[in-house]
Amino acid sequence: MKKSFLTLILTLFAATSLFAAESAAVETWHPQTLGHALLYMVLFAAIGIAVAIIGYKVFDKFTPGDLHKEIVEKQNVAAAIIAGAIVLGICIIVAAAMIG
C-alpha cells in the first residue's frame, strides 16, 4: 500500500513538471525576422479588411433601405457619412483587438 502511494505521488510530480516544461515553450506572435513581420502585416490587413466589409454589410442589412443604393444611385451625402463612420468604427475595434 505504501509503495503504490509513493508511486502515485512521484507520478503526479513528474506529470506536473512535464506540463510546466511544455507551457514554457509556447510560441508567440512576435516576429523574429522581417519576412515574418511582413507576413503577419499582410495577414492582419486581410483579416481587418474582411471584417470591415462584413461589418458594413451587416449594418446595411439591419438598417431600413439599401445603404449602397442610397450612396451610389441617389448621391446621398448623409448616408455616405454614416457608412464611413460605421466602417471607421469597425476598423478602430479591429485594430484595438489586434494590438491586444
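First, a word on scope: everything that follows refers to the structure included in this document. Predicted model, so just to flag it, every value in this text is computed and none were measured.

## A look at the packing of helix 2 (residues 34–62) against helix 4 (residues 77–99)
- Helix 4 packs onto helix 2 with a crossing angle of 140° between their chain directions and a minimal axis gap of 9 Å. Classed by the angle they form, the pair helix 2 and helix 4 counts as oblique. Where helix 2 crosses over helix 4, the handedness of that crossing is right-handed. The residues of helix 4 that touch helix 2, namely those facing Phe44, Ile47, Gly48, Val51, Ala52, Gly55, Tyr56 and Phe59, are Ile82, Ala83, Ile86, Val87, Ile90, Cys91, Val94 and Met98.
- Its residues assigned to classes, the contact of helix 2 with helix 4 comprises 14 nonpolar, two polar and no charged.

## A short note on unusual backbone geometry
- The backbone phi angle of Gln75 is positive, close to 55°, even though this residue is not glycine.
- With respect to the secondary-structure elements, Gln75 resides in the loop between helix 3 (67–72) and helix 4.

Cut-offs and rules
- Note that residues are indexed from 1 along each chain, following the sequence as it is written.
- Restriction of local features to residues with pLDDT of at least 70 applies here, the model being predicted, together with a cutoff of 80 or more for giving and counting side-chain atom pairs; totals for whole chains, interfaces and linings are based on all residues.
- Just so you know, side-chain values use all the structure's heavy atoms and leave hydrogens and water out.
- Angles here are taken between N-to-C directions and fall from 0 to 180 degrees, while the axes themselves are lines fitted to C-alpha atoms, restricted in helices to the stretch in contact.
- Under the DSSP-based scheme used, a helix requires at least four consecutive residues in state H or I and a strand at least two consecutive residues in state E, with every element numbered from the N terminus.
- By the definition adopted for this analysis, an angle is roughly parallel if under 35 degrees, roughly antiparallel if over 145, roughly perpendicular if from 65 to 115, and oblique otherwise.
- Working rule for handedness: look at the near helix, and if it is turned counterclockwise from the far one by less than a right angle, call the crossing left-handed; if clockwise, right-handed.
- Note on contacts: a residue pair is in contact if any heavy atoms of the two residues lie within 4.5 Å.
- Lys, Arg, Asp and Glu make up the charged group, whereas Ala, Val, Leu, Ile, Met, Phe, Trp, Tyr, Cys and Pro make up the nonpolar group; the residues left over, Gly among them, are polar.

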